[in-house]
Amino acid sequence: MRYHLGRTLRQLAVTIFGIVTVAFFLMRAIPGDPALYMLGDFATDASLEALRARLGLDLPVWQQYLLFVERAVTGDLGRSVVTGRPALDEMLAALPWSLSLAVTGLIVAVLLGVPLGIISAIKRGTWVDVVIMFVALLGISFPVFWMGLAAILLFSHKLGIFPALGASTEPGFWVQAHHLVLPAIVLGLSVAAYIARLTRSAMLEVLGQDYIRVARTMGVPEKRIYFRLGLRNALVPILAVIGVTFAWSLGNAILVEVVFSRPGLGSTILKAVLARDYQLVQAGVLILAAGVVLINVALDHLYGVVDPRLRQG
Amino acid sequence: MAEHEKSAGPSTGRRRFLKLSGAAALGVSAPFSLFGARMARAAGGQLRVRIGSDISVLDPALIFQIENQTVASHVYNGLVKYDQATNAITPDLAAEWEVSEDGRTYTFHLKDGVAFHKGYGALKASDVKFSFDRVRDEATGSRYRGQFASIDSVEAPDDRTVVIRLKNANSGFLHKVCAFNQGWIVSEKAVTEKGEAYKLDPIGTGPFIFDSWTAGTSVRMVANPEYFEGAPQIGEVVLRLIKDETASAIALENGEIDIAFALQQPQVIDRLKAADGVTMLSREANNTVNLVLNTTIAPLDDVRVRRAIIHALNRKGLIDGFFMGTKAEAHSVLTPTFQEYSQDVPTYDYDPDKARALLKEAGAEGFEFEIVTVALNPYDKFPVPMADDLNRVGINTKITVLERGAYVEARASGRVKSCITAVVGPPDPDSPLVTLYSTVSFPPGLNTSQYAGVDDLLAAASAEQDLEKRKALYEDVLQKTMEDVPVAPIYADRLFMAHSDKVGGLVQNSLFTVDTYSVSLTE
């Protein structure tokens, strides 16, 4: 077990390191210059050079990279070139907002997507199946920002049930929770459709197996077939997709964040990329990469719990 | 390792990392307590203002972007300021000032009883000297260094007196020390003590005290009860970040915010005009939006080609159709908000036949043209009908939309054929004219057309003491530049700001910022 954990941690470190390295060089490969962003329209060559030197941008890229690695291993990801605040602090401040949105969005998605997928599989070929899959297709096809605006118009403007803004400047758990409802539903809906379709096909695949047919001929009740035999065996692919969508939500909640004016990792990274705030982008990518990798590791372990056959692998 | 690399940022430290990771791991519950600490309500109520972009730097030497300027205009004062309604220059920290006969020495007498926020003591003339010298110092890396190029020295003979000596007489000098960007006065003690942290912890003398910034969400300022012109009527101002304009309109109608400023989308403006309980304010901005033509690239180096381009553009159609009348026609790059504005300039009607004839005359029919623009609403959209107009007269026009970072870099290279540029700033004629037409603004500055025809006139205008003569010189600049057309003004910007009926006393300025000092709230 200890050996296993050690190996996992090493793999984790290598993967995250790889992702951050790619991000480092990609950011520097795209056109745009932080010094030009900060000095803007009145910049002169002399002042640009002075600022580049102050920010260390005058060094060759490989030297910048070595410096970055040297500092990063001690937990220092530098400071935002724009605000001067520690980059990691700024990103970690955005993390709780993203996590809370991704988690509640995922709960909505699972609560909706899994049952709908199961019903659709059980009622395969009937109008129920057709309707559910049609709605799911719509859910996947509609852009998230469109759904967000539609939700704001309906629930916030017309009905006045929820606020239009996804975060409040007022304190308190219930106030913030009230503001979170619409963004979570919109994010959840966009993912629910995806989960429903995958749950359906995973269920259908399992229900087509020989042992299910055998169980049926042996007179096992249908409910038991669906939930004990079917769902349990379909859970691994469903879990896999939930894991992937969670990681997806963390990074891609940005559209939801923008529409609902909610802070988060996505919008903070976008802001950093636009400002060519290299340090801030680096910190954001590190957190996202770590999050995605950790979720995948956690899922690998969860598969083992759900399906004992996978434990040996 | 280079020294600057080491000093670029103190180590965050492992312990800090672990602590923050722990906080992040709390995940769901953490955001709900983020605002808890400092929500004590001030007596006069809370005013909530929508901003469209997050703030960044609040240090006047380094400041940019209207959101930062809006915060700074509440926190700081200058020696003089623009009247919100008329743009006239009026006293601010300086009670009065004298100009020497030769126009080269300005002596300012500071008001009594002005104190910096958060216990940083009384305002002294040395703070003013420090503020200006800091912008002038190359090591500060200020984008406004050029604005003070006319200053020879700043002296503070006593605590109440500031003497500024100029290299040459400059009748527009008061604009340079006006309460905007480089003109804002900082506390020497605070800047020195706070160092890098000052960027987001500004200390000024203004009507509001900067309280907190929550990245991605909001900025909070509280009323300064000791403000030298009297405490504001509202207790605190919260600038709320709402990127999407439609969402901000709904939030305003729902009463989740009180003021939505910097509105751009014609549909949103229309919607709010018709909304119950909402008042729409509108006025001319200080800037035009322009098509800058690179006069160093053939055939754009031929004035007939440039005139053909401006004749080919249906600018009125763009304003009426595309912008649904939310913008105004521009005859030059100065708008009527400037004292130096003149309508007596060559004008160019929409005349495709004339455009074709000019192109034929110049032998430039069917040339390849490119409009480089930035991926921001509406700059990425209105060049489409423009390209259509140009194609119709036989100019093969391609539009290149670049993300902002790439756009600024491309424009700074000086090698683009044409680009869309707006010079947003105070009503100081030097701001657009020197920026767009002077050789001191050659790329990487904003004279992307690399035009060199009015340097003498610009220098003469700024040295002229007599206002009428000065206006005449600026008029010459406008006439000459509209004859040569290195820059084709597309439209004059208009500013739209909506507020709920709870808000009283709001005056819209032409600076793109919002000033809430005069605002009161009714329940």
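Residues numbered from 1 in each chain as written. Chains lettered and ligands numbered in written order. Predicted model: local features only at pLDDT ≥ 70, side-chain atom pairs only at ≥ 80, totals over all residues. Heavy atoms only, no water.

Caption draft 1: View of the overall build of chain A. When its secondary structure is counted, chain A shows 13 helices and 0 strands. In chain A, the succession of α and β elements from N to C terminus is α-α-α-α-α-α-α-α-α-α-α-α-α. The principal-axis extent of the C-alpha atoms belonging to chain A is close to 85 × 60 × 35 Å. Burial statistics for chain A: of 313 residues in total, 51% are counted as buried. Across chain A, the fraction of contacts at a sequence separation of at least 24, relative to all contacts at a separation of at least 6, is 71%. With an accessible surface of roughly 14,500 Å², chain A has 70% of that area assigned to carbon and sulfur atoms. A gap of 14 Å separates the mean positions of the 25 positive and 18 negative side-chain charges of chain A. (Helix = DSSP H or I, 4+ residues; strand = E, 2+ residues; numbered from the N terminus. Buried < 20%, exposed > 50% of the residue type's maximum accessible area, 1.4 Å probe, protein only. Contact = heavy atoms within 4.5 Å. Areas by Shrake-Rupley, 256 points an atom, 1.4 Å probe, with all protein chains shown as cover. Lys, Arg positive; Asp, Glu negative; His and termini not counted. Charge placed at Lys NZ, Arg CZ, Asp CG, Glu CD.)

Caption draft 2: Representation of the environment of Thr 448 of chain B in the model. Structurally, the position occupied by Thr 448 of chain B is in the loop between helix 14 (430-437) and helix 15 (455-463). Expressed as a C-alpha distance, the spacing of Thr 448 of chain B and Ser 413 of chain B, which sit 35 residues apart in the sequence, is 8.5 Å.

Caption draft 3: Main features of helix 8 (residues 266-274) of chain B. Here helix 8 of chain B has its buried residues at Pro 266, Val 268, Ile 269 and Leu 272 of chain B. For helix 8 of chain B, the buried positions fall inside an angular range of 160 degrees around the axis, keeping them on one side. (Arc of directions from axis to C-beta.)

Caption draft 4: Examining the packing of aromatic side chains more closely. According to the stated counting rule, one finds 22 aromatic pairs over all chains in the structure shown. When the ring of Phe 180 of chain B is compared with that of Trp 184 of chain B, the centres are 5.6 Å apart and the planes differ by 55 degrees; the resulting orientation is tilted. An identical accessibility class is assigned to Phe 180 of chain B and Trp 184 of chain B; each is buried. Summarising the aromatic geometry, the rings of Phe 322 of chain B and Phe 323 of chain B are spaced 4.8 Å apart at their centres and angled 80 degrees between planes, so their arrangement reads as edge-to-face. We classify Phe 323 of chain B as buried; its relative accessible area is 2%. Every member of this aromatic cluster is reached through a ring pair, and the members are Phe 322, Phe 323, Tyr 379, Phe 382 and Tyr 491 of chain B. Positioned above the aromatic ring of Phe 24 of chain A is the side chain of Arg 28 of chain A, whose terminal nitrogen or guanidinium carbon lies 3.7 Å from the ring centre. (Phe/Tyr/Trp six-rings, centres within 6.5 Å; stacked < 30°, edge-to-face > 60°. Lys NZ or Arg CZ within 6 Å of the ring centre and 35° of its normal.)

Caption draft 5: Main features of the domain arrangement of chain A. Residue and element names in this part refer to chain A. Under the domain assignment used here, chain A contains domain 1 (2-73) and domain 2 (92-312). Distance from the C-alpha centre of domain 1 to the C-alpha centre of domain 2: 32 Å. For the domain 1 and domain 2 pair, buried surface summed over both sides reaches about 1,500 Å², with 77% attributable to carbon and sulfur atoms. If you sort the residues of domain 1 by the area they bury against domain 2, Leu 12, Ile 16 and Met 27 come out on top, with a joint share of 32%. At the junction of domain 1 and domain 2, the tally comes to 0 salt bridges. (Domains from an automatic or database assignment. Buried area = accessible area lost by both parts, 1.4 Å probe. Salt bridge = Lys/Arg side-chain N within 4 Å of Asp/Glu carboxyl O.)

Caption draft 6: A look at the UniProt feature "transmembrane region" (unreviewed entry) in chain A. All names here are of chain A. Following the UniProt record, one finds the feature "transmembrane region" (unreviewed entry) at residues 12-30, 97-118, 130-155, 175-196, 234-260 and 280-299. In this annotation, residues 130-155 is assigned 92% helix and 0% strand; the end-to-end C-alpha distance for the span is 28 Å. Here residues 280-299 runs as 100% helix and 0% strand, with 29 Å between its end C-alpha atoms. (UniProt positions renumbered as here; feature names shortened; annotations may be inferred.)

Caption draft 7: Up close: the pairing of strand 7 (residues 161-166) of chain B. All names here are of chain B. In terms of residue burial, strand 7 counts as a mostly covered element, since 5 of its 6 residues are buried. When strand 5 (residues 105-110) meets strand 7, the two strands line up antiparallel, connected through 5 bridges. Looking at the pairing, Phe 108 lines up with Val 162 of strand 7. Pairing geometry for strand 6 (residues 151-158) and strand 7, over 5 bridges, is antiparallel. If you follow Asp 158 over to strand 7, its bridge partner there is Thr 161. Hairpin geometry of strand 6 and strand 7 is characterised by an intervening segment of 2 residues between the two adjacent antiparallel strands. (Pairing = 2+ DSSP bridges.)

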